[in-house]
Amino acid sequence: MTEQAVPKIPKRILSSVLSSVSAGVVPRIGAPYIAIGRKEEIAALLSDMEQISEGGSAMRFLIGRYGSGKSFLIQLIRGYALERDFITADVDLSPERRLYGSGGSGVATYRELIKNLASKSSPDGGALSRMISVWIDQQRAELAKEGIPSDSERFGIELQAKIMRVMQELELFVGGFDFSRVLVAYYQAYTAGDDDTRSACLRWLRGEFATKTEARAALGFSVSVIIDDDNWYDFLKLWAALVRYMGYRGLVVFIDECVNLYKISHRVSRENNYEKILSMFNDTLQGRAPGLGIVFGGTPQFLDDTRRGLFSYEALRSRLCDSRFALDGVTDLIGPVIRLRRLSDDELLALLRRMTLLHEMYYGKKTRMSDEEQIRFLEIALARAGADSMITPREMLRDYMTVLNLLMQNEDLSFDTLLLRTGMLCAESKDEKPQESAEPSPAFSVADIDL
């Protein structure tokens, strides 16, 4: 990407990207501006979305070390899904949020997913009420196009009939009867301007009632179920079906930080969570969750550990383990597990140069890092023991952004001086051989890099 080709990026997005990367955090917005590599992985996940949009379902496991780019890829795919008119929901698991657990840790995951429900018009989350209201307004607009006066009695009858036809379809799902009943109550409260009932319906849909008695008191009618630790996944499948009736292409759910399930010390509790993953896996791959895609993000430990990871649960190990015909270094992106490779040296250099451009755009100053110094920075980063295979974009970018910020704020400081003060220049000199040329290695050929 040349300077002339750099698109105009809003200041708030630039600020979010630079501050997030400097702190080692994945930016929630602006991820496409720093996307380098991962073309095969992105293509595989986008192919899943095509399957979901046709009424199918899919599940993937993104496996990589801390800082390897799992969360970044999740946010990138989330943005692509929103642009393609999907509804998305994302959550980071924690000790308080699990897939299964007593005391509300299961339904806490559902609540976070619904809070982060996002659409193209509401990309930052909180799209629940807007999504339902827009759908009702669309049904009204369709009736108006048919020439039915909006103030006539027939208009109200026809509108309710359109809503009820969709609700009857949802009743075929587990929990669908109460789900449909609450949605109808929301529609009636919305058209009548009853904010209290509408708010109570939203609370039920978000899983915020602790008991059926509390729900009945708020809703004004009895329900046979509330969303809880045991059944929240069934309601996720209902949302996937509903959003397709609303005109969206499907629901894509992103569940990150799955290593927190690996960290559960109690074996039975840990296996109950793995049992929930097995249930999701079977539903999505057998087509029992139409319009639903699920992407898990976790570390190699979470998957491969035969004592506490997913491979400790035989039913999952037999489904997720590599085939006997799998070869090291040969990529298979059709299976459910995507193992993130380390970015190539050229891709890492391209990433440094992309961040340099964004830094210059935000601060309006030319950075005092030449192309040769960027190459030297990467060579130093790769010279650390084991870095050739273990280095991650997160740790490299944190260091690089620190260098850019220091050089910008201290005019008397040069890159060589910075290396000298940190002791890296001496270490670099010791590693150099007298016979070696000062030219960069072919792995860092500037001409071959697509910025």
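Reading guide: rules and limits
- Residues numbered from 1 in each chain as written.
- Predicted model: local features only at pLDDT ≥ 70, side-chain atom pairs only at ≥ 80, totals over all residues.
- Heavy atoms only, no water.
- Helix = DSSP H or I, 4+ residues; strand = E, 2+ residues; numbered from the N terminus.
- Buried < 20%, exposed > 50% of the residue type's maximum accessible area, 1.4 Å probe, protein only.
- Contact = heavy atoms within 4.5 Å.
- Areas by Shrake-Rupley, 256 points an atom, 1.4 Å probe, with all protein chains shown as cover.
- Pairing = 2+ DSSP bridges.
- Core = buried A, V, L, I, M, F, W, Y, C linked by side-chain atoms within 4.5 Å.
- Axes fitted to C-alpha atoms, helices over the stretch in contact; angles between N-to-C directions.
- Parallel < 35°, antiparallel > 145°, perpendicular 65-115°, else oblique.
- Left-handed = near helix turned anticlockwise from the far one by under 90°.
- Nonpolar A, V, L, I, M, F, W, Y, C, P; charged D, E, K, R; others polar.
- pLDDT = per-residue confidence, 0-100.
- Phe/Tyr/Trp six-rings, centres within 6.5 Å; stacked < 30°, edge-to-face > 60°.
- Lys NZ or Arg CZ within 6 Å of the ring centre and 35° of its normal.
- Salt bridge = Lys/Arg side-chain N within 4 Å of Asp/Glu carboxyl O.

Caption draft 1: A look at the overall build of the chain. For the chain, the helix and strand inventory stands at 20 helices and five strands. Every one of the 451 residues in the chain was classed for burial, and the buried ones make up 49%. In the chain, of all internal contacts separated by at least 6 residues, the share reaching a separation of at least 24 is 71%. When the accessible surface of the chain is summed, it comes to about 21700 Å², and 50% of that surface belongs to carbon and sulfur atoms.

Caption draft 2: Molecular detail of the pairing of strand 3 (residues 251-256). Of all the six residues making up strand 3, six are buried; the element is thus mostly covered by neighbouring parts of the structure. The alternating pattern of strand 3 places Leu251, Val253 and Ile255 on one face and Val252, Phe254 and Asp256 on the opposite face, and all of these are buried. Of the strand pairs in this sheet, strand 2 (residues 87-92) and strand 3 are connected by six bridges, and their pairing is parallel. In the sheet register, Ala89 faces strand 3, and the bridge partner there is Val253. The pairing of strand 3 with strand 4 (residues 292-298) spans five bridges and is classified as parallel.

Caption draft 3: Summary view of the nonpolar core. Grouped together as the largest cluster of nonpolar side chains are 82 residues, with contacts concentrated most on Phe61, Phe179, Trp204, Trp239, Ile277, Phe296 and Phe302. The element contributing the most residues to this core is helix 10 (residues 232-245), with 10 residues. The residues contacting Trp239, other than those within four sequence positions of it, are Tyr110, Ile114, Leu128, Met131, Ile132, Phe179, Leu205 and Leu251. In this structure, Ile36, Leu333, Leu348 and Ala350 belong to the second largest nonpolar core, which totals 57 residues.

Caption draft 4: Structural view of the packing of helix 15 (residues 345-363) against helix 18 (residues 393-409). For the pair helix 15 and helix 18, the least separation of the axes is 11 Å and the interaxial angle reads 40°. When the axes of helix 15 and helix 18 are compared, the pair comes out oblique. The handedness of the crossing between helix 15 and helix 18 is right-handed. Within the contact between the two elements, helix 15 uses Leu348, Leu351, Leu352, Met355, Thr356, His359 and Tyr363 and helix 18 uses Pro393, Met396, Leu397, Tyr400, Met401, Leu404, Asn405 and Met408. Residue classes in the contact of helix 15 with helix 18 are distributed as 12 nonpolar, three polar and no charged.

Caption draft 5: Quick look at the confidence of the model for the chain. Considering every residue of the chain, the mean pLDDT works out to 88; 89% of them sit at 70 or more. Considering each helix and strand of the chain separately, the mean pLDDT is smallest for helix 20 (residues 424-431), with a value of 53, and largest for strand 3, with 98. Low pLDDT, under 50, characterises residues 429-451; the stretch is placed with 24 contacts to residues that sit more than four places away or in other chains.

Caption draft 6: Spatial organisation of the packing of aromatic side chains. Applying the stated rule across the entire model yields seven aromatic pairs. Measuring from ring centre to ring centre gives 4.8 Å for Tyr362 and Tyr363, while their planes differ by 85°; the resulting arrangement is edge-to-face. For Tyr363, a relative accessible area of 37% puts it in the partly exposed group. Aromatic ring contacts, followed pair by pair, group Phe179, Trp204, Phe235 and Trp239 into a single cluster. Here the guanidinium or amino end of Lys11 rests over the ring plane of Tyr362, the centre of that ring lying 4.6 Å away. Against the face of Tyr262 rests Arg308, its NZ or CZ located 5.4 Å from the ring centre.

Caption draft 7: Spatial organisation of unusual backbone geometry. Phi is positive for Asp85, which is not a glycine, with a value near 70°. Within the element layout of this structure, Asp85 appears in the loop between helix 3 (70-83) and strand 2. We classify Asp85 as partly exposed; its relative accessible area is 31%. Positive phi, normally seen in glycine, also occurs at Glu257, with a value near 55°. On the secondary structure map, Glu257 appears in the loop between strand 3 and helix 11 (259-262).

Caption draft 8: Representation of the sheet that holds strand 4 in the model. Taking strand neighbours across the sheet as the criterion, the five strands line up as 2-3-4-1-5 in an open arrangement whose pairing is parallel. Each end of this open sheet is capped by a strand with a single partner; those strands are strand 2 and strand 5 (337-339). Each strand axis lies, on average, 15° off the axis of its neighbour in the sheet, ignoring direction. Two strands pair when backbone bridges link them, and strand 1 (residues 58-63) and strand 5 are joined in this way by three bridges, in the parallel orientation. Residue pairing for strand 5: Leu62 is matched across the bridge by Ile338. In this fold helix 2 (residues 39-53) packs onto strand 1, strand 3, strand 4 and strand 5, with an angle of close to 160° to the strand it touches most, strand 1.

Caption draft 9: Structural view of the pattern of salt bridges. Per the stated rule, a full pass over the model turns up 26 salt bridges. Asp283 is the salt-bridge partner of Arg288, the closest N and O atoms lying 2.9 Å from each other. Its salt-bridge partner being Arg353, residue Asp371 comes within 4.0 Å of it at the nearest N-O pair. Placement of the pair is Asp371 in helix 16 (residues 371-383) and Arg353 in helix 15, with a sequence separation of 18 residues.

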